[in-house]
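The primary structure of each chain is shown beneath.
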Amino acid sequence: MPAGRWGPCLVLTFYMALIPEPVRQQLKDRFETLLIGPVHLALYTKPGSSRLILPAGLGCPTCEDARQMAELLRDAAPEKITLEVVDVSRDSARVEIDGIDDVPTIAIAAESDIGRIRFQGLPTGTEFPALIDAVERVSRAEHGLSAESVAALAKLTDSTEVMVFATPT
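Reading the values: rules and limits
- Residues numbered from 1 in each chain as written.
- Predicted model: local features only at pLDDT ≥ 70, side-chain atom pairs only at ≥ 80, totals over all residues.
- Heavy atoms only, no water.
- Salt bridge = Lys/Arg side-chain N within 4 Å of Asp/Glu carboxyl O.
- Helix = DSSP H or I, 4+ residues; strand = E, 2+ residues; numbered from the N terminus.
- Buried < 20%, exposed > 50% of the residue type's maximum accessible area, 1.4 Å probe, protein only.
- Disulfide = S-S within 2.5 Å.
- 1 Å grid on protein atoms, 1.4 Å probe; cavity = no way out; pocket = protein on both sides within 12 Å on 5 of 7 lines; lining within 4 Å.
- Points joined across faces, edges and corners; volume = space filled by probe spheres on them.

Enquirer: Describe in detail the pattern of salt bridges, supporting the description with residues and values.
Expert: Going through the model one piece at a time under the given rule, you end up with 10 salt bridges. In this structure, aspartate 98 and arginine 94 form a salt bridge, with 2.4 Å as the shortest nitrogen-oxygen distance. Within this pair, aspartate 98 and its partner arginine 94 are both found in helix α3 (residues 92-98), separated by 4 residues, close to a single helical turn. Relative accessible area serves as the criterion here: at 5%, aspartate 98 is assigned to the buried category. Glutamate 142 serves as the salt-bridge partner of arginine 140, at 2.9 Å between the closest nitrogen and oxygen. Exposure remark for arginine 140: the relative accessible area of 24% places this residue in the partly exposed category. Glutamate 142 sits in the partly exposed class, given a relative accessible area of 36%. Through salt bridges with shared partners, a single ionic network connects Asp133, Arg137, Arg140 and Glu142.

Enquirer: Break down the state of the cysteines for me, citing the residues and quoting the values.
Expert: Here is the idea: a disulfide is a covalent bond, and it sits between the sulfur atoms of two cysteines. All chains considered together, the criterion is met by 1 disulfide. Two residues share a disulfide in this structure: cysteine 60 and cysteine 63, whose sulfurs sit 1.8 Å from each other. Judged by the sign of its S-S torsion, about 90°, the bond between cysteine 60 and cysteine 63 is right-handed.

Enquirer: I'd like to hear about the layout of surface pockets, residue by residue, with values.
Expert: One simple way to see leftover space: roll a probe sized like a water molecule over the atoms. Put simply, the largest pocket is a space of about 2,000 Å³. Along the walls of the largest pocket sit 38 residues, with Arg116, Ile117, Arg118, Val162 and Val164 positioned nearest its centre.

The following block contains the structure:
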C-alpha cells in the first residue's frame, strides 16, 4: 500500500449492504499489522425499520447497513475489536448517559469506555476511510495532533465538543 502524509493509504470501494470479499480481506490484512490495543465499538441503532420511509424520529433507514459495517470492522480483527449493539428504543437510560442524539451512531473507544469519537449516520464514501483511521488511532492511542494543537487544547478550561460535518459533493 502506498504511504501518504497520514501514513498508509486505504483504498476501499464500499457497497451498501454488500461488502465484497476482497475488501474484507484488505481490511483484515491492514488491521493485522496496524492495530495494537483493544478497540470497543458501540453501535446505537433502532432495529426493525431498515429502508422503510417513515416520519422523522420513527425509523432508521440506514441502521441495518450501519450494523453490517460495524460487524465488518469487528470481524476484520475479532481479537482486537469488540462490538456492542445498543437498541435506543429499549435502553433510553444508556442513551442518555452516553449522550446519543441520533441513530445510527458508531462510537469508538479504547476497551469499553464511552466512545468520544462518534460517527452519526452511515459513514460511507469518503467517511469510510475516516472511520478506519479512527479505529486505528484508538487502537494505537495516537491522536495525530501536532504539539501546538495539544498545547492549545491544554489551555481549555471548559468542556468542549468538536463536530466535523461531511457532505457529499
